[in-house]
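# An overview of the molecular structure
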Amino acid sequence: MKILMVCLGNICRSPLAHGIMEHLAKEQGLDWEIESAGTGNWHIGEGPDRRSIRTAREHGIDISGQICRLFRISDFDYYDHIFVMNKSNLADVLAMARNEEDREKVRLLLGDKIVPDPYYDDAQFEPVFLMIEKGCKEILKELKDK
Ligand code: 4NP
């Protein structure tokens, strides 16, 4: 299973989703490939936001080695599923889809809810972590027997 987590900056939310899903899959002995990317190009080549690194570390997950990159059209070919954090991520990714097969791979991580952008509010990192963790657990349950 290959999964791509996508947000706007690829430094706050999708690195958390990447690290959490990787951690959960490993815990279950699943050999899944998880990555993340952003739709915005401001932070390409940088590591995750230090607040995401710290929050993940507090939950026993190391995301410090991740490197920010841009979402690209070829991601539709490589990944089985592409999970986005909010409606604007969804619109941005779907705008790059070439066909129905591409579009079918893209879903909101939380189903019908969004993961808010914590970038401008330090206090949001912990709740955002918990939200993402819950979403990842549900997705893992759904996909692991497929
Ligand atoms: P993210 O948060 O999409 O969760 O990585 C953001 C990080 C940076 C910016 C926006 C959102 N930015 O505008 O630089």
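Reading the values: rules and limits
Residues numbered from 1 in each chain as written. Predicted model: local features only at pLDDT ≥ 70, side-chain atom pairs only at ≥ 80, totals over all residues. Heavy atoms only, no water. Phe/Tyr/Trp six-rings, centres within 6.5 Å; stacked < 30°, edge-to-face > 60°. Lys NZ or Arg CZ within 6 Å of the ring centre and 35° of its normal. Helix = DSSP H or I, 4+ residues; strand = E, 2+ residues; numbered from the N terminus. Buried < 20%, exposed > 50% of the residue type's maximum accessible area, 1.4 Å probe, protein only. Near = heavy atom within 4 Å. Polar contact = N/O pair within 3.5 Å; in protein donor to acceptor, adjacent residues only side chain to side chain. Areas by Shrake-Rupley, 256 points an atom, 1.4 Å probe, with all protein chains shown as cover. Pairing = 2+ DSSP bridges. Axes fitted to C-alpha atoms, helices over the stretch in contact; angles between N-to-C directions. Contact = heavy atoms within 4.5 Å.

Looking now at the packing of aromatic side chains. Taken as a whole and judged by the stated rule, the model has three aromatic pairs. On the basis of an interplanar angle of 85° and a centroid distance of 5.3 Å, the ring pair of Phe71 and Phe76 is categorised as edge-to-face. Here the guanidinium or amino end of Lys2 rests over the ring plane of Tyr78, the centre of that ring lying 4.8 Å away.

Of note in the backbone geometry, Asn10 takes a positive phi value of approximately 55° without being a glycine. Summarising the element assignment, Asn10 is placed in the loop between strand E1 (2-7) and helix H1 (13-27). Using a relative accessible area of 3% as the deciding quantity, one classes Asn10 as buried.

The next point concerns the site of the ligand. If you check the shell around the ligand, you find Cys7, Leu8, Gly9, Asn10, Ile11, Cys12, Arg13, Trp42, His43, Asp117 and Tyr119 and nothing else. Within the backbone of Leu8, a nitrogen or oxygen atom sits 3.0 Å from an oxygen atom of the ligand. Here Asp117 contributes a side-chain N or O atom positioned 3.1 Å from an oxygen atom of the ligand. If the ligand stood free it would expose 350 Å²; the protein chains cover 92% of that surface.

Here the focus is the sheet that holds strand E3 (residues 81-84). Sheet strands pair via backbone hydrogen bonds, and the direction of the pair is either parallel or antiparallel. Here we have four strands laid out as an open sheet, ordered E2-E1-E3-E4, and parallel in their pairing. Only two strands of the sheet have a single partner each, and these edge strands are strand E2 (33-38) and strand E4 (106-108). Pairs of neighbouring strands in the sheet enclose a mean axial angle of 25°, with direction left out of account. Here E3 runs beside E4; their pairing, made up of three bridges, is parallel. Note on E4: the bridge partner recorded for Val84 is Leu108. Helix H6 (residues 125-143) rests against E1, E3 and E4 of the sheet, and its axis sits at about 160° to E3.

Structurally, Tyr79 is set in the loop between helix H3 (75-78) and E3. Residue Tyr79 is classed as buried on the basis of its relative accessible area of 3%. Once the C-alpha coordinates of Tyr79 and Lys105 are considered, the two residues, 26 residues apart in sequence, prove to be 8.1 Å apart. With residues up to four places along the chain from it excluded, the contact list for Tyr79 reads Lys2, Ile3, Leu4, Glu35, Arg69 and Lys105.

Burial along E3 is two-sided: His81 and Phe83 and Ile82 and Val84, pointing in opposite directions, are all buried. One ladder, built from four bridges, connects E1 with E3; its direction is parallel. Within the sheet, the bridge partner assigned to Ile3 lies in E3 and is His81.

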